[in-house]
Amino acid sequence: MKTINIVLFGVGNVGSSLINQILESRSKIFNSSQIDIKLAVIVNSKIAFYNKDDINNSWEADFKSYGYPYKLSQIINHVKKEKLTNLIAVDATASEKFVKNYKELIRNGFNIVAANKTANSLSDKFYKDLRLELKKHDKQFLYETNVGAGLPVIKTVQDLHLAGEEITKIRGIFSGSLSYIFNSFSSNNRTFSEVLDEARNKGLTEPDPRIDLSGKDVGRKLLILAREINIIKELTEVKIENLVPNHLNGKSSISHFNENQQELNLNFEERRSNLKADEVLRHIGELGVASGQLEVKLVTEKRNSPFGSLQEADASFEIYTKNYGNRPIVIQGAGAGARVTSRGVLSDLLKISEKLECI
Ligand SMILES: NC(=O)c1ccc[n+]([C@@H]2O[C@H](COP(=O)([O-])OP(=O)(O)OC[C@H]3O[C@@H](n4cnc5c(N)ncnc54)[C@H](O)[C@@H]3O)[C@@H](O)[C@H]2O)c1
Ligand SMILES: N[C@@H](CCO)C(=O)O
């Protein structure tokens, strides 16, 4: 039998769904794999809840009642004092600041599973240093949900690359958030701002939806896949069509954006009115291996084309390789949403567990 001890950072849409899925699935997982999943500490940006007993369905109330302000060093001291082993830190935050803690976590015995895409899309130096630290301490880092939420995109690209298959191009609808938004917007008469609010309320967008609309989220995903196949790039080198006007982006606050997001309506209304009856708007990412070009843009597609006929928050990735020729591998399905994402995180947790010690 193996016990794994999880410290969960981020108790928002994805983090909460992960806790609930662990509660739902852990006896099934224990019966099939003899892996006992313990949630040792759960943490948001303000408070930490140290879970002495087994977590149960009242976790949300316990978190609110018994959580208190913390420092990372206190969490590390706690797991040491309790002699917890097989440690895995889950990063379900969207924080650029939090990823700077990864090295300290690794040095203190943690493996890492991240839904947060930041660690893999900061500088090439940060990316490589992190991997050196993992190697030095013999720790694992999995992040399948960084691209396509629960869809197996990263693993597929890694496996093809590892096997020596030459990947020539990856093209697709990389954003489940923007897929939902442009599906809804292209097919009815609601304003862009109304559709954006709906996607946010369904937990389909980034906590700050400007990360989606500015193209940064898809830019990050392209960069993450490029790095998997040894293309050395920085986010600043990705050619991105930014859908947010400058005065609502950059240094302006999220509340300023929320109050003024109707200003987006006019531009998108114009783009919608230019569509023919058989056309829809689609947000595309493209990674050309030979050209080394990474590009994010909003395009017009025929409604009955593969990308044009996607539904809901579907993402779709076409992976072109030398041997697959002009018939790419296609990975398609829900590309955003807390439940598909947290299931992907849970699957990464179990993959890491396979290599941990039985205790
Ligand atoms: N929702 C999806 O469909 C989806 C898909 C793939 C990946 N992701 C990624 O999952 C992550 C979480 O998304 P979400 O929708 O759950 O966001 P959310 O805003 O609902 O939750 C984020 C949580 O992180 C906490 N947090 C912020 N800074 C922190 C810090 N420094 N330390 C500890 N906790 C901190 C917040 O308090 C909050 O509890 C994001 O990085 C997102 O890109 C989400
Ligand atoms: N913005 C993400 C979902 C939240 O991370 C996506 O569209 O894939």
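Residues numbered from 1 in each chain as written. Chains lettered and ligands numbered in written order. Predicted model: local features only at pLDDT ≥ 70, side-chain atom pairs only at ≥ 80, totals over all residues. Heavy atoms only, no water.

## Some remarks on the overall build of the protein
Phase 1: Secondary structure assignment for the protein yields 13 helices and 13 strands.
Phase 2: The globule rule puts the C-alpha radius of gyration for 359 residues at 21 Å, and the 21 Å found for the protein is close to it.
Phase 3: With the C-alpha coordinates of the protein rotated into their principal frame, the extents come out at 65 × 50 × 40 Å.
Phase 4: Once local pairs closer than 6 in sequence are excluded, the contacts in the protein between residues at least 24 apart make up 68%.
Phase 5: For the protein, the computed accessible surface area is about 16800 Å², with 49% contributed by carbon and sulfur atoms.
Phase 6: Taking the average location of the 49 positive side-chain charges in the protein and that of its 44 negative ones, the two points are 4 Å from each other. (Helix = DSSP H or I, 4+ residues; strand = E, 2+ residues; numbered from the N terminus. Rg over C-alpha atoms; globule rule 2.2 N^0.38 Å. Contact = heavy atoms within 4.5 Å. Areas by Shrake-Rupley, 256 points an atom, 1.4 Å probe, with all protein chains shown as cover. Lys, Arg positive; Asp, Glu negative; His and termini not counted. Charge placed at Lys NZ, Arg CZ, Asp CG, Glu CD.)

## Concerning the UniProt feature "binding site: L-homoserine" (unreviewed entry) in the protein
Phase 1: Cross-referencing UniProt, the feature "binding site: L-homoserine" (unreviewed entry) maps to Glu 206 in the present numbering.
Phase 2: With a relative accessible area of 15%, Glu 206 lands in the buried category.
Phase 3: With residues near it in sequence (within four places) discarded, Glu 206 still touches Lys 117, Ser 177, Ile 211, Asp 212 and Asp 217. (UniProt positions renumbered as here; feature names shortened; annotations may be inferred. Buried < 20%, exposed > 50% of the residue type's maximum accessible area, 1.4 Å probe, protein only.)

## Describing unusual backbone geometry
Phase 1: In the Ramachandran plot, Asn 86 falls in the positive-phi region, its phi being about 45 degrees despite a non-glycine side chain.
Phase 2: Among the residues examined, Asn 86 registers a relative accessible area of 11% and is labelled buried.
Phase 3: Within the chain, Asp 138 stands out as a residue other than glycine whose phi angle is a positive 55 degrees.
Phase 4: Taking the relative accessible area as the measure of exposure, Asp 138 reaches 66% and is therefore exposed.

## Notes on the site of ligand 2
Phase 1: Around ligand 2, the neighbouring residues are Lys 117, Ser 175, Gly 176, Ser 177, Leu 204, Glu 206, Asp 212, Asp 217, Lys 221, Gly 335 and Ala 336.
Phase 2: Between ligand 2 and Lys 117 there is a distance of 2.9 Å, counted from an oxygen atom to a side-chain nitrogen or oxygen.
Phase 3: One of the side-chain N or O atoms of Asp 212 is found 2.6 Å from a nitrogen atom in ligand 2.
Phase 4: Compared with its free state, where it exposes 250 Å², ligand 2 has 84% of that area covered by protein.
Phase 5: The cavity where ligand 2 resides is the largest pocket.
Phase 6: Sorting the residues of the shell around ligand 2 by element identifies helix H7 (176-187) and helix H10 (216-228) as the ones contributing at least two each.
Phase 7: Classifying every residue of the shell around ligand 2 by side-chain character gives two nonpolar, four polar and five charged. (Near = heavy atom within 4 Å. Polar contact = N/O pair within 3.5 Å; in protein donor to acceptor, adjacent residues only side chain to side chain. 1 Å grid on protein atoms, 1.4 Å probe; cavity = no way out; pocket = protein on both sides within 12 Å on 5 of 7 lines; lining within 4 Å. Sits in = over half its atoms within 2 Å of the grid points. Nonpolar A, V, L, I, M, F, W, Y, C, P; charged D, E, K, R; others polar.)

## Comments concerning the side chain of Asp 36
Phase 1: Structurally, the position occupied by Asp 36 is in strand S2 (residues 35-43).
Phase 2: When its relative accessible area of 17% is taken as the criterion, Asp 36 is described as buried.
Phase 3: Only 3.2 Å separates the side chain of Asp 36 from the side chain of Lys 38, close enough to count as a polar contact.

## Structural notes on the packing of aromatic side chains
Phase 1: Taken as a whole, this structure holds eleven aromatic pairs when the rule is applied.
Phase 2: Where Tyr 102 meets Phe 141, the ring centres are 5.8 Å apart and the plane angle is 75 degrees; that geometry is what we call edge-to-face. Separated by 39 residues along the polypeptide, Tyr 102 in helix H4 (residues 102-107) and Phe 141 in strand S7 (residues 141-142) bring together distant segments of the chain. Neither Tyr 102 nor Phe 141 differs from the other in exposure class; each is buried.
Phase 3: Lying across the ring of Tyr 127, Arg 131 places its NZ or CZ 3.6 Å from the centre.
Phase 4: Here the basic side chain of Arg 227 rests over the ring of Tyr 127, its NZ or CZ set 5.0 Å away from the ring centre. (Phe/Tyr/Trp six-rings, centres within 6.5 Å; stacked < 30°, edge-to-face > 60°. Lys NZ or Arg CZ within 6 Å of the ring centre and 35° of its normal.)

## Considering the pattern of salt bridges
When their charged atoms lie close together, side chains carrying opposite charge are able to pair.
Phase 1: One pass over the full model with this rule turns up 23 salt bridges.
Phase 2: Put simply, Asp 129 and Lys 103 hold a salt bridge, and the shortest N to O gap is 3.9 Å. In this pair, Asp 129 sits in helix H5 (residues 124-136) while Lys 103 sits in helix H4, placing the two residues 26 residues apart along the sequence.
Phase 3: A relative accessible area of 22% places Lys 103 in the partly exposed class.
Phase 4: For Glu 198, the salt bridge identified is with Arg 190, shortest N-O distance 3.1 Å.
Phase 5: Relative accessible area serves as the criterion here: at 25%, Glu 198 is assigned to the partly exposed category. (Salt bridge = Lys/Arg side-chain N within 4 Å of Asp/Glu carboxyl O.)

## A word on the environment of His 137
Phase 1: On the secondary structure map, His 137 appears in the loop between H5 and S7.
Phase 2: What makes His 137 partly exposed here is its relative accessible area of 25%.
Phase 3: Not counting residues up to four positions away in its chain, the partners in contact with His 137 are Ile 106 and Arg 107.

## Some words on H5
Phase 1: Here H5 spans 18 Å end to end across 13 residues, near enough to the 18 Å set by a 1.5 Å rise per residue.
Phase 2: Turning to H5, its buried residues number three or more, namely Asp 124, Phe 126, Tyr 127, Leu 130, Glu 133 and Leu 134.
Phase 3: Residues of H5 that are buried sit in contact with H4, S7 and H10.
Phase 4: Downstream of H5 by a residue or two, Asp 138 has a phi angle that is positive, lying close to 55 degrees. (Expected span 1.5 Å × (residues − 1).)

## Quick word on the pairing of strand S11 (residues 293-302)
Phase 1: Where strand S9 (residues 239-240) lies against S11, two bridges are found, and the strand directions are parallel. Each residue of the ladder has a partner; that of Lys 239, found in S11, is Glu 295.
Phase 2: Where strand S10 (residues 279-288) lies against S11, ten bridges are found, and the strand directions are antiparallel. Bridge assignment links Glu 279 to a residue of S11, and that residue is Lys 302.
Phase 3: The turn joining S10 and S11, which pair antiparallel and follow one another in sequence, is formed by four residues; a positive phi near 70 degrees is taken by Gly 292. (Pairing = 2+ DSSP bridges.)

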